[in-house]
Amino acid sequence: MPKPALNNAIAPGDHAILRQVLDDAGRLIVGKPQALRLSLACVLAGGHLLIEDIPGVGKTTLAHVLARLLGLDFQRIQFTADMLPADILGVSIYDRDDGRFHFHPGPVFAQLVLADEINRATPKTQSALLEAMEERQVTADGETRELPEPFFVIATQNPRSQIGTFGLPESQLDRFLMRISLGYPDAAAERELLAGSDRRSLLRQVTPRIGPQSLLAWQAHVERIHVSPALLDYVQALVGATRVSAHWEIGLSPRAALALLRAARAWAMIDGRAHVVPEDVQAVLPSVASHRLNALEGDTTEQVRALLEGVAIP
Amino acid sequence: MRDALAALPIAPRLLGATLFVLAALMAPHAANLHPAILGFFYLAVGWRVLALRHPRWLPGRWLLLALMAAAIALVIMSTGLYDGRLAGTALLVVMLGLKLLELRARRDIHVTVFLGYFVVLTQFLYSQSLGLAVYLFAGTLVLTAVQVGLNRVHAQPRQVLRHAVGLFVAALPLALVVFMLFPRLHSPLWGIKTQRAFTGISGEMTLGSLGELSRSTATAFRVQFDGMPPPPEQRYWRGPVLWHTDGRRWSADRASARALDTVGRDPLALGYEITLEPTGEYWLFGLDVVTVKPPGTHLNSSYTLVSEQRVNQRLTFRAASDPGFHMLALSERERALGLQLPDRVAPRVAGLVAQWQASTDPAQPLQMVARALDFFRNEPFVYTLTPGTLQGDPVEQFLFETRRGFCEHYAGSFALLMRVAGIPARVVIGYQGGERNPHADHWVVRQSDAHAWTEVWIPGLGWWRVDPTAAVAPDRIEQPIDTAASQAGDRVMFGDGDPGALLALWQNAVWLADAVDLGWHRWVVGFSAERQTSLLQWLGLGRLHGFGLAIALLIGGALAVAVVYLSARLPRPRSGDPLPMLWRRFTDKLRRAGVDVVASQGPDTLCAAAMRMFPQSADQLSAIRRIYVQLRYGRQSDQEMVRALSRRIRRLSLRPAQVDKG
């Protein structure tokens, strides 16, 4: 019997290029293929990424590498308690020469923005960024300015030092497609890290694999990854289970279900498939769902795993 | 996974459901247990409900110990321990309440639910009514659903309930086999002592007592005749026979309770089955005159059917009667008793009898009977439920002044008149008549059919039934009393004229409920050792006892389990999408080969695991996975591929890795 042909091959060039991106990134961020793949899926799905981890595990490097590989221009904003919305969005300055105000765009006007330690800023400043993320535009002095395309925010927060910080409320967390954490590298990866050369110099050697235009095409293609009724049944079963279960404060919203589907599509695309299988959903669910759910008891990660084990695939 | 689940804290919703169901299931015990026992239980439930919100309010170990001591004291004080059944039940109920207070992990709730099942069963020690059975059955179903929910990570009420129903259905065949074949005891499990008051005929008759009873429409017993029912004038249901009288009160003779030799088989006898409501008395009722008595009973010298045990529960028995039977025996003692007179007989009464004696032949006692009946027929006597009170000599007052009376007035005064005339006479109380249930083949005899009549001794004929009431109100014998109309009016009314449409509908429903109730009793509660034997004979198993019955039970049980198991394994025909069914067939195959199939695993994961176990079959497995994923999750769907998948699954052979095959 002939092998069923994948008659709907990936549109913008060969999907091997996505593999290459992951391989290149893997050389700098050692031992974290899953986190890298999730981050790439997040970009491809057109969502924003929240990395929750302690300092020094490579959050910034990850953002840098992604920016380089995807050929995006990069801005880093270090959030502090005294930061104002204008520090992010930009400010209009009076020009004495022509007697007019000129808008000086803030650091948010970049294709990839790294918002470091977002929970250090006041809620007002946080919400300025989060609104920009959602609307993909900035309104200042009554004038609306489009943010660049593509636009991708990686925000980080440190879960440990919570003193003097403003944790993101649940409604704001919802703006991030995924939340991941990197964690310590394993022994072998750490040895490689210690023995290898400086990350900064390595970073300079990274050559872009995908340009901004190509990335937009990939993002558009995610929407065309096929989702069968059987898979929708599964997604609905998962979401439904969180709503009736007594383990969660509230269940997943329809927006969360859409996010789950989008992330699963991107995941399938990285795998080179034109359709989503249950495993894709299972792979992305912990990252997509855990920051949207609040376990009443026990560890959220554990509960999400139990959720996956408890829902049969229809 | 299971152990982890057992130690998990209980979801408040499931615990709430458990508490609610247990509280509801315990409610019928209010009829059996002391209020303090149930009160204790409900306090515990209430406490636990409050603790759902405030877990810190749960009692500590010492308080729990103190509560336990209090509970045991409560059981001892409220039951007095003289009734083991009551004390045992009470102890179980309070302990269930205490167990609720130490519910912490899921494991505890399982213990509680099992204890709950047991306490549910104890209610059947007190009552086996259909309503209670239905109620407890439904409650048990919900309790089982809670159990199912506890074993699920995500319990959806409807799903869980469906699962519980499935379990019940699967258990049904085994339950039926055990019900039919489990050895039956010949006597009730508990020597039941009860202080309950029963409605019904008592062992004596005072003027007005039957009239009171006639106001009740409660069922006295139900009868199913083997053949044609006897005509109304023969439908006398014989109860106790009364000998002693003081003029106002008639009572039975203790000494006459001696057993009569069995009448034996009677070819003329009419067979029937009676389901008697509890009376709290020893005597049973049978069609006048019982000639074939049921086992466990005897006929006393007055031909009253007497049971060896008090009828404290519904009793079904078979008997046969011969309406033409002559009770020919009369001992000297009976003659003396049959002529016993009150201390004083009013001169007017004696005068009346003397007047009759003057015009009749003493050798023809029937002439005297006829004169007395004529007297009742011709004088203006009224048959009424409201005769008013009689002062002074009641018989004299009734015969000459008020002339208003119910059957006991007529029977009592007639018997007295006969005794004054020198004819041995006695009063029989029981029921007369009955009404056929239009929805079933049985007759219902109600308390309102309670009746009293007289028997006189006629040489050559024996004890001869005379019903003076029939002389006054012939309709009494033909039709049932219309209770409502009789109470409102002065005279007793008979029959039921033309009921309105709504009333007819209601009556219809009542008859239907009556039929269901009797069916429940006959086929479920009253499934006695005798019925079991006849069922076994009908099945061709003959008389099985002890060991044989145990073997039959084992074989039948195994068959029932096999039927359930096989029918559960049958592929369920599914309309529409064939893919899930094909996939189930595939996973079943893998499971049988030893692959750990988990429902939450995707096809890729599952096949990868299977390929690791069976590297030789990797190609087949991979192809099946590829086609299935394409069909189920990809864009393609064509019948040819579905057939190919089906073919490949059928041909799939899983060879273990160690078997070397070229």
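Thresholds applied
- Residues numbered from 1 in each chain as written.
- Chains lettered and ligands numbered in written order.
- Predicted model: local features only at pLDDT ≥ 70, side-chain atom pairs only at ≥ 80, totals over all residues.
- Helix = DSSP H or I, 4+ residues; strand = E, 2+ residues; numbered from the N terminus.
- Buried ≥ 20, exposed ≤ 12 C-beta atoms within 10 Å, placed from the backbone.
- Contact = placed C-beta atoms within 7 Å.
- Core = buried A, V, L, I, M, F, W, Y, C linked by C-beta atoms within 7 Å.
- Nonpolar A, V, L, I, M, F, W, Y, C, P; charged D, E, K, R; others polar.
- Expected span 1.5 Å × (residues − 1).
- Arc of directions from axis to C-beta.
- Pairing = 2+ DSSP bridges.
- Axes fitted to C-alpha atoms, helices over the stretch in contact; angles between N-to-C directions.
- pLDDT = per-residue confidence, 0-100.
- Parallel < 35°, antiparallel > 145°, perpendicular 65-115°, else oblique.
- Left-handed = near helix turned anticlockwise from the far one by under 90°.

Trainee: Outline the overall build of chain A, supporting the account with residue identities and numerical values.
Mentor: Counting secondary structure elements, chain A contains 13 helices and nine strands. The burial tally for chain A puts 43% of its 314 residues in the buried class.

Trainee: Can you break down the overall build of chain B residue by residue, with the values?
Mentor: When helices and strands are counted, chain B shows 24 helices and 17 strands. When each of the 662 residues of chain B is scored for burial, the buried share is 31%. Within chain B, contacts between residues at least 6 apart in sequence are counted, and of these 71% link residues at least 24 apart.

Trainee: Quick rundown of the nonpolar core? Include the residues and the values.
Mentor: All names here are of chain A. Counting 110 residues, the largest nonpolar core has Ala41, Val108, Leu260, Ala263 and Val284 as the members making the most contacts within it. In terms of residue count, the dominant contributor to this core is helix α11 (residues 254–270) (eleven residues). With near-sequence residues (within four places) excluded, Val284 lies in contact with Leu38, Ala41, Leu260, Ala263, Ala264 and Trp267.

Trainee: Report on the interface of chain A and chain B, specifying residues and quantitative values.
Mentor: The partner chain B presents 22 residues to the 25 residues of chain A that form the contact. Among the secondary structure elements, those contributing two or more residues to the side of chain A that touches chain B are α10 (229–244), α12 (278–289) and α13 (300–310) of chain A. A class-by-class count of the residues in the side of chain A that touches chain B yields 15 nonpolar, seven polar and three charged.

Trainee: Mind laying out α10(A), listing which residues take part and the relevant values?
Mentor: The α-helix winds at 3.6 residues per turn, so residues separated by three or four positions along the chain end up facing the same way. In this model, α10(A) (16 residues) spans 22 Å end to end at C-alpha, consistent with the 22 Å of a helix rising 1.5 Å per residue. Along α10(A), the residues that are buried comprise Leu231(A), Tyr234(A), Val235(A), Leu238(A), Ala241(A) and Thr242(A). Buried residues of α10(A), seen end-on, are gathered within an arc of 125° and therefore sit on one face of the element. Seen from the open side of α10(A), the exposed residues pointing more than 90 degrees away from its buried face are Pro229(A) and Gln236(A). Where α10(A) is buried, its residues contact α11, α12 and α13 of chain A together with α23 (618–633) of chain B.

Trainee: Pulling in residues and values, what's your account of the sheet that holds strand β1 (residues 48–52) of chain A?
Mentor: All names here are of chain A. Here we have five strands laid out as an open sheet, ordered β2-β5-β8-β1-β9, and parallel in their pairing. Two strands in the sheet have a free side with no partner beyond their single neighbour: β2 (74–78) and β9 (176–180). Neighbour-to-neighbour, the strand axes of the sheet open up by a mean angle of 20°, direction not taken into account. Relative to strand β8 (residues 152–157), strand β5 (residues 112–116) runs parallel, the two being bridged by four bridges. In the sheet register, Leu114 faces β8, and the bridge partner there is Ile154.

Trainee: So what about unusual backbone geometry? Which residues, and what values?
Mentor: For the bond from Glu149(A) to Pro150(A), the omega torsion is -15°, close enough to zero to count as cis. Inspection of the secondary structure assignment puts Pro150(A) in the loop between β7 (143–146) and β8. A cis amide bond, omega 0°, links Asp288(B) with the succeeding residue Val289(B). Assignment of secondary structure puts Val289(B) in the loop between β6 (286–287) and β7 (290–292). For Tyr303(B), which is not glycine, the phi torsion reads 65° and is therefore positive. Overall, Tyr303(B) belongs to the buried group, with 21 C-beta atoms counted inside 10 Å. Phi at Arg403(B) is positive, roughly 55°, even though this residue is not glycine. Inspection of the secondary structure puts Arg403(B) in the loop between α13 (394–402) and β12 (404–405). The exposure class assigned to Arg403(B) is partly exposed, which follows from the 17 C-beta atoms found within 10 Å.

Trainee: Go over the environment of His244(B), please, and point to the residues and values.
Mentor: Residues and elements named next belong to chain B. By the secondary structure assignment, His244 is in strand β3 (residues 236–245). Take His244: there are 16 C-beta atoms within 10 Å of it, and that puts it in the partly exposed class. Distance in space between the C-alpha atoms of His244 and Val427 is 9.3 Å, their sequence separation being 183 residues. Beyond its immediate stretch of four places on either side in the chain, His244 contacts Trp250, Ser251, Asp253 and Gln340.

Trainee: Lay out the confidence of the model for chain B in plain terms, naming residues and giving numbers.
Mentor: All names here are of chain B. Looking at chain B, pLDDT values average 82 and 88% of them are 70 or higher. The lowest-confidence element of chain B is helix α1 (residues 2–7), averaging 53 in pLDDT; the highest-confidence one is strand β13 (residues 425–432), averaging 91. Complex prediction metrics read pTM 0.50 and ipTM 0.83.

Trainee: Could you give an account of the sheet that holds strand β10 (residues 315–321) of chain B, with specific residues and numbers?
Mentor: All names here are of chain B. Taken together, the six strands give an open sheet; going across it, the order is β7-β10-β5-β2-β15-β14, and neighbouring strands pair in antiparallel fashion. Two strands close off the open sheet at either side, each with one partner strand: β7 and β14 (435–436). Inspection of the sheet shows strand β2 (residues 219–225) paired to strand β5 (residues 270–276) by five bridges, in the antiparallel sense. In the strand pairing of β5, Phe225 is matched with Tyr272.

Trainee: Let's hear about the pairing of strand β6 (residues 137–140) of chain A: which residues, and what values?
Mentor: Residue and element names in this part refer to chain A. Relative to β7, β6 is paired through four bridges, and the arrangement is antiparallel. Within β7, the position partnered with Gln137 by the bridge is Glu146. With antiparallel pairing between neighbouring strands as the criterion, β6 and β7 make up a hairpin whose turn holds two residues, including Asp141 at a positive phi of roughly 50°.

Trainee: Would you mind going over the packing of α10(A) against α12(A) in detail, with residue names and values included?
Mentor: Residue and element names in this part refer to chain A. The geometry of α10 relative to α12 is characterised by a closest axis approach of 10 Å and an angle of 30° between their N-to-C directions. Classified by the interaxial angle, the pair formed by α10 and α12 is roughly parallel. The chirality of how α10 crosses α12 is right-handed. For the pair α10 and α12, the contacting residues are Leu231, Tyr234, Val235 and Leu238 in the first and Pro278, Val281 and Leu285 in the second. A per-class count over the contact of α10 with α12 returns seven nonpolar, no polar and no charged.

Trainee: Give me the pairing of strand β3 (residues 90–95) of chain A: which residues, what numbers.
Mentor: Residue and element names in this part refer to chain A. Taken across its six residues, β3 has zero buried, putting it largely on the surface. Note that β3 and strand β4 (residues 100–105) share six bridges and pair antiparallel. The residue of β4 that forms the bridge with Asp95 is Arg100. Taking the residues that link successive antiparallel strands as the turn, the β3-β4 hairpin has four residues, and the phi of Gly99 there is positive, at about 65°.

Trainee: Please provide a residue-by-residue account of the packing of helix α2 (residues 12–26) of chain B against helix α6 (residues 106–122) of chain B, values included.
Mentor: Residue and element names in this part refer to chain B. Relative orientation of the contacting elements α2 and α6 amounts to 15°, with a least axis distance of 10 Å. Classed by the angle they form, the pair α2 and α6 counts as roughly parallel. Like other packed secondary-structure pairs, α2 and α6 cross with a definite hand, here left-handed. Where α2 abuts α6, its residues Leu15, Thr18, Leu22, Leu25 and Met26 lie against Ile109, Thr112, Val113, Gly116, Val119 and Val120. In terms of residue class, the contact of α2 with α6 is built from eight nonpolar, three polar and no charged.

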